[in-house]
Amino acid sequence: MHVALGGTFDPVHDGHLALFERAFELGDVTVGLTSDELAPKTRHVDRYVRSFEDRKNDLVAELEPLAAAHDREFEVRKLTEPTGIATEQKFDVLIVSPETREGGERINEIRRERGYDPLDIEVVEHVSAEDGERISSTRIVKGEIDRHGNVTPERDGRGPKQPSTEDSERSDA
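Let me begin by describing the structure that accompanies this report. (Residues numbered from 1 in each chain as written. Predicted model: local features only at pLDDT ≥ 70, side-chain atom pairs only at ≥ 80, totals over all residues. Heavy atoms only, no water.)

What to know about the overall build of the chain
And step 1. Within the chain, the regular secondary structure consists of five helices and five strands.
And step 2. Reading the helices (α) and strands (β) of the chain from amino to carboxyl end gives β-α-β-α-β-β-α-β-α-α.
And step 3. Considering only residue pairs separated by 6 or more positions, the chain has 63% of its internal contacts joining residues 24 or more positions apart. (Helix = DSSP H or I, 4+ residues; strand = E, 2+ residues; numbered from the N terminus. Contact = heavy atoms within 4.5 Å.)

So, in structure tokens, the structure goes:
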């Protein structure tokens, strides 16, 4: 079975790991990673998004041990449009979070228009932070929580502009 999922993954957090874990349980995985041009257009909050290469390097580091644990293959591909790679015929399953389910339904409309079978859509529920709210990249880059959902009121967040070298050395957002 070939599984697709996509996102910006900046930064990768425990909610993303739940998506990846489910994907590897089902089959070999292709992750669509938003391009530098697409990433800001997919954000609900104006914030700096790290470069594609930096995000890809971090993503691969997270995916390698999961793939090995499940004896699966994976690939990371650049997404240049929101419907991404999942409109390609070779996929069987699409992994989504609750807020991206509608996008999965749109992908299946495109697949039907192209004469392809619709994907099975697997919805993976959100992972909660220690404060009961969901873990999200936006909350992490604001400095509210860390990637595991621990509340971090002492941490500074990331703003809408790329930080200077000096600022980035002081922050792990």
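Re the packing of helix 1 (residues 14–26) against helix 2 (residues 52–70)
And step 1. Look at helix 1 against helix 2: their axes get within 10 Å of each other, and the N-to-C directions meet at 35°. Seen from above, helix 1 lies across helix 2 with right-handed handedness. Along the contact surface, helix 1 presents Leu 17, Phe 20, Glu 21, Phe 24 and Glu 25, while helix 2 presents Leu 59, Glu 62, Leu 63, Leu 66, Ala 67 and His 70.
And step 2. Of the residues contributing to the contact of helix 1 with helix 2, the split by class is seven nonpolar, one polar and three charged. (Axes fitted to C-alpha atoms, helices over the stretch in contact; angles between N-to-C directions. Left-handed = near helix turned anticlockwise from the far one by under 90°. Nonpolar A, V, L, I, M, F, W, Y, C, P; charged D, E, K, R; others polar.)

Some thoughts on the nonpolar core
And step 1. If you look at the biggest cluster of nonpolar residues, it comprises 20 residues, and the most contacted ones within it are Leu 5, Phe 9, Phe 20, Val 31, Leu 59 and Ile 95.
And step 2. Looking at this core, the element that brings in the most residues is helix 2, giving five residues.
And step 3. The contacts of Leu 5, once residues within four sequence positions are left out, are Leu 19, Phe 20, Ala 23, Val 29, Thr 30, Val 31, Gly 32, Leu 94 and Ile 95.
And step 4. Ala 4, Ile 85, Ala 86 and Leu 119 belong to the second largest nonpolar core, which has 10 residues in total. (Core = buried A, V, L, I, M, F, W, Y, C linked by side-chain atoms within 4.5 Å. Buried < 20%, exposed > 50% of the residue type's maximum accessible area, 1.4 Å probe, protein only.)

Re the sheet that holds strand 5 (residues 120–123)
And step 1. Strand order in this open sheet of five strands is 3-2-1-4-5, and the pairing throughout is parallel. Each of the sheet's edge strands pairs with one partner strand only, and the pair in question is strand 3 (74–79) and strand 5. Direction aside, neighbouring strands of the sheet carry axes that sit 25° apart on average.
And step 2. The pairing of strand 1 (residues 2–7) with strand 4 (residues 93–96) spans two bridges and is parallel. (Pairing = 2+ DSSP bridges.)

Some details on the packing of aromatic side chains
And step 1. Counted according to the given criterion, the structure contains two aromatic pairs.
And step 2. On the basis of an interplanar angle of 55° and a centroid distance of 5.2 Å, the ring pair of Phe 9 and Phe 20 is categorised as tilted. Of this pair, Phe 9 sits in the loop between strand 1 and helix 1 while Phe 20 sits in helix 1, and the two are 11 residues apart along the sequence.
And step 3. The buried category is assigned to Phe 20, whose relative accessible area is 1%.
And step 4. Ring centres 6.4 Å apart and planes at 85° place the aromatic pair Phe 24 and Phe 74 in the edge-to-face group. Within this pair, whereas Phe 24 is found in helix 1, its partner Phe 74 is found in strand 3, the two being separated by 50 residues in sequence.
And step 5. On the basis of relative accessible area, Phe 24 is assigned to the buried category, the value being 1%.
And step 6. Over the face of the ring belonging to Phe 52 we find Lys 78, whose NZ or CZ atom lies 4.7 Å from the ring centre. (Phe/Tyr/Trp six-rings, centres within 6.5 Å; stacked < 30°, edge-to-face > 60°. Lys NZ or Arg CZ within 6 Å of the ring centre and 35° of its normal.)

Details of the side chain of His 16
And step 1. Its location among the elements puts His 16 in helix 1.
And step 2. Beyond its immediate chain neighbours, meaning those up to four positions away, His 16 contacts Phe 9, Pro 11 and Ser 137.

Notes on the environment of Asn 150
And step 1. Relative to the helices and strands, Asn 150 resides in the loop between helix 4 (137–142) and helix 5 (165–170).
And step 2. Owing to a relative accessible area of 33%, Asn 150 belongs among the partly exposed residues under this scheme.
And step 3. It is 9.6 Å that separates the C-alpha atoms of Asn 150 and Ile 140, two residues lying 10 residues apart in sequence.
And step 4. Other than its neighbours up to four places away in sequence, Asn 150 contacts Glu 130, Glu 144 and Ile 145.

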